[in-house]
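Breakdown of the fold
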Amino acid sequence: MTTKELDNKYIMHTYGRYDVALVSGSGVTAFDEDGRKYIDVSSGIGVNSLGYCNEGWVEAVTKQASTIQHMSNYFYSPQASALAEKLCKLTGMAKVCFGNSGAEANECAIKIARKYSFDKYGEGRNEIITLRNSFHGRTVTTLSATGQDVFHNFFFPFTEGFKYIEAGDMSVLENAVSGKTCAVMLELIQGEGGVNIMDMDYAKALFDFCAERDILVIVDEVQTGVGRTGKLFAFRNYGVKPDLVTAAKGLGGGLPIGACLCNDKLGGVMTPSTHGTTFGANPVVCAGANYVIDTVSKEDFLDEVEAKGAYLEGLLRKLPEVKNVRRMGLMVGIEIDGDAHDIAAKCVENGLLIITAKDVLRMLPPLTIKREELKEAVSILKSTLKECK
Ligand SMILES: *Cc1c(COP(=O)(O)O)cnc(C)c1O
């Protein structure tokens, strides 16, 4: 049977797939089973932050795999400790808890927020306000946190204690907050929700409002973190200080990792046996993440991410079919005339791996992408848009 036939027979259909089986990659280029070449400006939804099979990353990972591949969390791990120090020092946060995915990192943040409030104020102050159009994961609790009705189906009962508000208007937040509110959880740029960039003044006002009331702010940087927006974390672009920050997608450079960072105030909330995961802080994964962080945290690397993003935006804005570009760093939403899903599928046929978010085309290219490669990607998009008219 072919790859596609085996997949259809044996894998549960939780995703609609493009008709391509990828077998190898190098940098921004992926190859399918027939040896056909694709430019990938999606990087596995922002995961392959240094592109496919980056040399230094491969070396770090393979070296660790042949040194010690796993130990339980009952033992110390130099790779995990080193990664934790880097993340804390670079972000100004105090402590980190490692997991294996974005949803898990968010679950951890939710647990910390609720326990902080329980320890300090007792039972009942456990409500978390999230935003309309947000996306926080696929576990029962993170689905509950996700502020989109389409996700609140089939799997009843969902975790209680979430309230959804429209972003952008402080009076809406003020009305939603009550004595039961323990946290606000948000993405500074909603990724799955359509690349919606939060207004800077609103973000600042929200953080100030919450700080005055000891309401924690959880920033979900699963998609925006690790250099994607031209700063190590997007909250740096906003000049705000979250109580909790979550990261995942780009952090491992292609291996599964989640991280929940907290500030000093929350550093002592979680105690032995309040949280855990067998695979969390795996040394091979952490070796990859250490390499990613060492690479992307350099000031000139981050400046290049923003500069290349601006260059890409310039190219996109020249296309007549492009109505608007929503962008920070190399996180890009493209408003177009026409159906984004049809256009993305056509782009894949034409050798460009691109994804969508709601009704926009979305680009999350490897942060290492070169200007010529961006130009090549836009040129495929340009001819595809003509073809789709
Ligand atoms: C992808 C994503 C998640 C979920 O991450 P998983 O690793 O798929 O669990 C959560 N929040 C945001 C903002 C995301 O983009």
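So, how was this worked out
Residues numbered from 1 in each chain as written. Predicted model: local features only at pLDDT ≥ 70, side-chain atom pairs only at ≥ 80, totals over all residues. Heavy atoms only, no water. Pairing = 2+ DSSP bridges. Helix = DSSP H or I, 4+ residues; strand = E, 2+ residues; numbered from the N terminus. Axes fitted to C-alpha atoms, helices over the stretch in contact; angles between N-to-C directions. Contact = heavy atoms within 4.5 Å. Parallel < 35°, antiparallel > 145°, perpendicular 65-115°, else oblique. Left-handed = near helix turned anticlockwise from the far one by under 90°. Nonpolar A, V, L, I, M, F, W, Y, C, P; charged D, E, K, R; others polar. Salt bridge = Lys/Arg side-chain N within 4 Å of Asp/Glu carboxyl O. Buried < 20%, exposed > 50% of the residue type's maximum accessible area, 1.4 Å probe, protein only. UniProt positions renumbered as here; feature names shortened; annotations may be inferred. Phe/Tyr/Trp six-rings, centres within 6.5 Å; stacked < 30°, edge-to-face > 60°. Lys NZ or Arg CZ within 6 Å of the ring centre and 35° of its normal. Near = heavy atom within 4 Å. Polar contact = N/O pair within 3.5 Å; in protein donor to acceptor, adjacent residues only side chain to side chain. Areas by Shrake-Rupley, 256 points an atom, 1.4 Å probe, with all protein chains shown as cover.

Turning our eyes to something else, we now look at the pairing of strand β2 (residues 29-32). Summarising the sheet, strand β1 (residues 22-26) and β2 pair through four bridges and their orientation is antiparallel. Residue pairing for β2: S26 is matched across the bridge by T29. With antiparallel pairing between neighbouring strands as the criterion, β1 and β2 make up a hairpin whose turn holds two residues, including G27 at a positive phi of roughly 65°. Across three bridges, β2 lies against strand β3 (residues 37-40) in antiparallel orientation. Bridge pairing in β3 links A30 to Y38. Following β2, the chain reverses through four residues before pairing antiparallel with β3; G35 in that reversal takes a positive phi of roughly 80°.

Glancing now at the sheet that holds strand β16 (residues 355-357). As summarised here, the arrangement of the four strands in space is β13-β14-β17-β16, forming an open sheet in which the pairing is antiparallel. Edge positions in the sheet fall to β13 (322-328) and β16, since each has one partner strand and no second. On average, each strand axis in the sheet is inclined to that of its neighbour by 30°, with strand direction left out of account. Helix-sheet contacts for helix α12 (residues 340-349) involve β14 (331-336), β16 and β17 (360-363), and the interaxial angle to β17 is about 45°.

Glancing now at the packing of α12 against helix α13 (residues 371-388). The interhelical angle for the contact between α12 and α13, taken along N-to-C directions, is 125°, at an axis separation of 9 Å. Viewed along their axes, α12 and α13 adopt a mutual orientation that is oblique. For α12 against α13, the interelement crossing comes out right-handed. Counted together, I343, K346 and C347 of α12 and I380, L381, T384, L385, E387 and C388 of α13 form the full contact between these two elements. For the contact of α12 with α13, the class distribution of residues is six nonpolar, one polar and two charged.

Applying the stated criterion across every chain yields a total of 20 salt bridges. The closest approach of N and O atoms between K86 and D294, which form a salt bridge, is 3.2 Å. Note that K86 is positioned in helix α4 (residues 78-91) and D294 in helix α10 (residues 283-296), a separation of 208 residues in sequence. Connected through salt bridges with shared partners, the residues E306, E313, R317 and R327 form a single ionic network.

Time to look at the environment of I129. Locating I129 in the fold gives a position in strand β5 (residues 127-131). Here I129 falls in the buried class, since its relative accessible area comes to 0%. On a C-alpha basis, the gap between I129 and V177 in space is 7.8 Å, while along the polypeptide they are 48 residues apart. Beyond its immediate chain neighbours, meaning those up to four positions away, I129 contacts K163, I165, L173, A176, V177, T181, A183, V184 and M185.

For the rest of this paragraph, the subject is the sheet that holds β2. The strand order across the open sheet built from four strands is β1-β2-β3-β15, with neighbouring strands paired in mixed fashion. At either end of the open sheet lies a strand with only one pairing partner, and these are β1 and β15 (352-353). Its contacts with the sheet put α13 on β3 and β15, and the angle it makes with β3 is roughly 105°.

Turning our attention to the UniProt feature "binding site: pyridoxal 5'-phosphate" (unreviewed entry) in the protein. What UniProt calls "binding site: pyridoxal 5'-phosphate" (unreviewed entry) maps, in this numbering, to G102, A103, F135, D220, E221, V222, Q223 and T278. For the residues just named, distributed over 177 residues, the greatest C-alpha separation reaches 25.3 Å, placing them at more than one site. Examined against the element boundaries, G102 turns out to sit in helix α5 (residues 102-121). G102 sits in the buried class, given a relative accessible area of 13%. If we ignore the near neighbours within four places in the chain, the residues touching G102 are V222 and A248. Topologically, T278 is positioned in the loop between β12 (258-262) and α10. Exposure remark for T278: the relative accessible area of 59% places this residue in the exposed category. In this structure, T278 is in contact with H70 and N73, ignoring residues within four places of it in sequence.

For the rest of this paragraph, the subject is the packing of aromatic side chains. Within this structure, the stated rule accounts for four aromatic pairs. An angle of 90° between the planes, with centres 5.3 Å apart, marks the rings of F156 and F158 as edge-to-face. Among the residues examined, F156 registers a relative accessible area of 57% and is labelled exposed. The side chain of R125 reaches across the aromatic face of Y121, ending 4.0 Å from its centre. Here the guanidinium or amino end of R213 rests over the ring plane of F209, the centre of that ring lying 3.7 Å away.

A separate point is the site of the ligand. Lining the immediate surroundings of the ligand are S101, G102, A103, N106, F135, H136, G137, E187, D220, V222, Q223 and K249. At 2.7 Å from an oxygen atom of the ligand is found a side-chain nitrogen or oxygen belonging to Q223. Starting from 380 Å² of accessible surface for the ligand in isolation, the protein chains cover 80%. Within the shell around the ligand, the residues separate by chemical class into three nonpolar, six polar and three charged.

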